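# Coordinates in review
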Amino acid sequence: MKAVFKSKKPAHLEWPIFKWLRIVLAGGGALSLFLLYVFIFRNGRSDLILQFSAPVLAIYIASSGLMYNRARGMPQGKSKRRSLYAGERATQAFLFSVIGLLLGGVAYSVSALFEVDLVVAFHGHSPWVFVFFPSLVFVQWGYASYVLFLRAISSDLLYPVAAKVIAVRIKNAP
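Report follows, based on the coordinates. This one's a predicted model, so the numbers in the text were calculated from it and none came from an experiment.

What counts, and where the lines are drawn
- Residues numbered from 1 in each chain as written.
- Predicted model: local features only at pLDDT ≥ 70, side-chain atom pairs only at ≥ 80, totals over all residues.
- Heavy atoms only, no water.
- Helix = DSSP H or I, 4+ residues; strand = E, 2+ residues; numbered from the N terminus.
- Expected span 1.5 Å × (residues − 1).
- Core = buried A, V, L, I, M, F, W, Y, C linked by side-chain atoms within 4.5 Å.
- Buried < 20%, exposed > 50% of the residue type's maximum accessible area, 1.4 Å probe, protein only.
- Contact = heavy atoms within 4.5 Å.
- Phe/Tyr/Trp six-rings, centres within 6.5 Å; stacked < 30°, edge-to-face > 60°.
- Axes fitted to C-alpha atoms, helices over the stretch in contact; angles between N-to-C directions.
- Parallel < 35°, antiparallel > 145°, perpendicular 65-115°, else oblique.
- Left-handed = near helix turned anticlockwise from the far one by under 90°.
- Nonpolar A, V, L, I, M, F, W, Y, C, P; charged D, E, K, R; others polar.

### What about helix H3 (residues 78-113)?
For H3, which comprises 36 residues, the first-to-last C-alpha distance of 52 Å matches the rise-based estimate of 52 Å (1.5 Å per residue) to within 8%. Downstream of H3 by one or two residues, Glu115 has phi in the positive range, about 55°.

So, in structure tokens, the structure goes:
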């Protein structure tokens, strides 16, 4: 029965297209986050940061919980370690993103305290815009951690599994 739990690395994940897909996912996501920040500050819509971030944070924390629960139900082995590692990466993504949002809130409060118009500061290339740089770095760091989460868990979950194998896993779950 233990042979059911041994996970062979799916051959299709080693194809060059999947390596390029990971690069595109990581680079494209990071670029889109950066462009989202640029859009928000150009248009003076700082209220959008929380509206875009709340669902992302929910996904990060839900993924973390799912991986920890998945690992708890598995026997000792490679899949359990991979699930725990993925759970840690999702938790890191959540924490880095929350720290970034908190730093962004502090930077916004400081700019409001000194009555800096961020739209004018952004268009005029004022140094006040760089107050938000640490916030963006932490949010990007969170995204990078989530990409590592996806990479860790993809080799276990991106291949077809027969219903019989799932039934045996459920039956033998601790």
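After that view, the rundown keeps rolling.
### Description of the nonpolar core
Counting 23 residues, the largest nonpolar core has Tyr60, Ala86, Tyr146 and Phe149 as its most contacted members. Residue assignment for this core shows that the elements contributing at least two residues are helix H1 (16-43), helix H2 (48-72), H3 and helix H5 (133-157). Broken down by element, this core gets its largest block of residues, 8 residues, from H5. In this view, Tyr146 contacts Ile59, Tyr60, Ser63, Ala90 and Ala93; residues no more than four positions away in its chain are not counted.

### Some details on the side chain of Ser145
If you trace the backbone, Ser145 turns up in helix H5. A relative accessible area of 3% places Ser145 in the buried class. Not counting residues within four places of it along the chain, the set of residues in contact with Ser145 comprises Arg89, Gln92, Ala93 and Phe96.

### A closer look at the packing of aromatic side chains
One pass over the structure, following the stated rule, counts 5 aromatic pairs. An angle of 35° between the planes, with centres 5.8 Å apart, marks the rings of Phe138 and Trp141 as tilted. With Phe138 and Trp141 both in helix H5 and 3 residues apart, this pair spans about one turn of that helix. Given a relative accessible area of 23%, Phe138 falls into the partly exposed group.

### Digging into the packing of H3 against H5
Two numbers describe a pair of packed helices, the interaxial angle and the distance between the axes. Viewed as axis vectors pointing N to C, H3 and H5 meet at an angle of 165°, and their least axial separation amounts to 7 Å. Classified by the angle between their axes, H3 and H5 sit roughly antiparallel to one another. With respect to the hand of their crossing, H3 and H5 are arranged in left-handed fashion. For the contact of H3 with H5, the class distribution of residues is 17 nonpolar, 10 polar and 3 charged.

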